[in-house]
Amino acid sequence: DLLEESPIVLAYFSTPQCNVCKDLLPKVETMLEEHALPGVYVDTTALPAISGQLLVLAVPSLIVFVYGKETARFARHFGMRDLEASLERAKQYLE
């Protein structure tokens with residue numbers, strides 16, 4: 001529903017056991033607040049069908065959706081600057 005309601009959505013795929021994910025999540029949440037964008041957390045162990053449907057094979061994985069279509073994907077090792085640049089590009093696309 002969120003993908004249909006909001007033009008830009010960041011999906012955060014993780015597991016409760018992933019320590020890197022636990023450390024990264026607050027940084028991602030802060031970035032979403034700064035950009036006033038919605039995000040959704042997906043526990044890949046609780047929702048394996050969604051993870052499989054989107055071919056999420058590693059955690060943490062973040063997917064940027066614009067109008068319901070994937071425009072960027074970040075998995076395992078990535079820089080927060082790269083993620084922020086992707087969100088900025090998505091916002092500019094809407095203008």
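Residues numbered from 1 in each chain as written. Predicted model: local features only at pLDDT ≥ 70, side-chain atom pairs only at ≥ 80, totals over all residues. Heavy atoms only, no water.

Asker: So what's going on with the environment of Leu87? Residues and values would help.
Answerer: By secondary structure assignment, the location of Leu87 is in helix 4 (residues 80-94). Taking the relative accessible area as the measure of exposure, Leu87 reaches 0% and is therefore buried. Separated by 42 residues in sequence, Leu87 and Thr45 place their C-alpha atoms 26 Å apart. (Helix = DSSP H or I, 4+ residues; strand = E, 2+ residues; numbered from the N terminus. Buried < 20%, exposed > 50% of the residue type's maximum accessible area, 1.4 Å probe, protein only.)

Asker: Would you mind going over the sheet that holds strand 4 (residues 69-75) in detail, with residue names and values included?
Answerer: The four strands lie next to each other as 2-1-3-4, forming an open sheet whose pairing is mixed. Looking at which strands have only one partner, the edges of the open sheet turn out to be strand 2 (39-43) and strand 4. Mean inter-strand twist for the sheet, computed between neighbouring axes without regard to direction, equals 20 degrees. Here five bridges tie strand 1 (residues 8-14) to strand 2, and the two strands are oriented parallel to one another. When the sheet's bridge partners are listed, Phe13 is paired in strand 2 with Val42. Across the sheet, helix 2 (residues 19-35) lies against strand 1, strand 2 and strand 3 (61-66), angled at about 170 degrees from strand 1, the strand it touches most. (Pairing = 2+ DSSP bridges. Axes fitted to C-alpha atoms, helices over the stretch in contact; angles between N-to-C directions. Contact = heavy atoms within 4.5 Å.)

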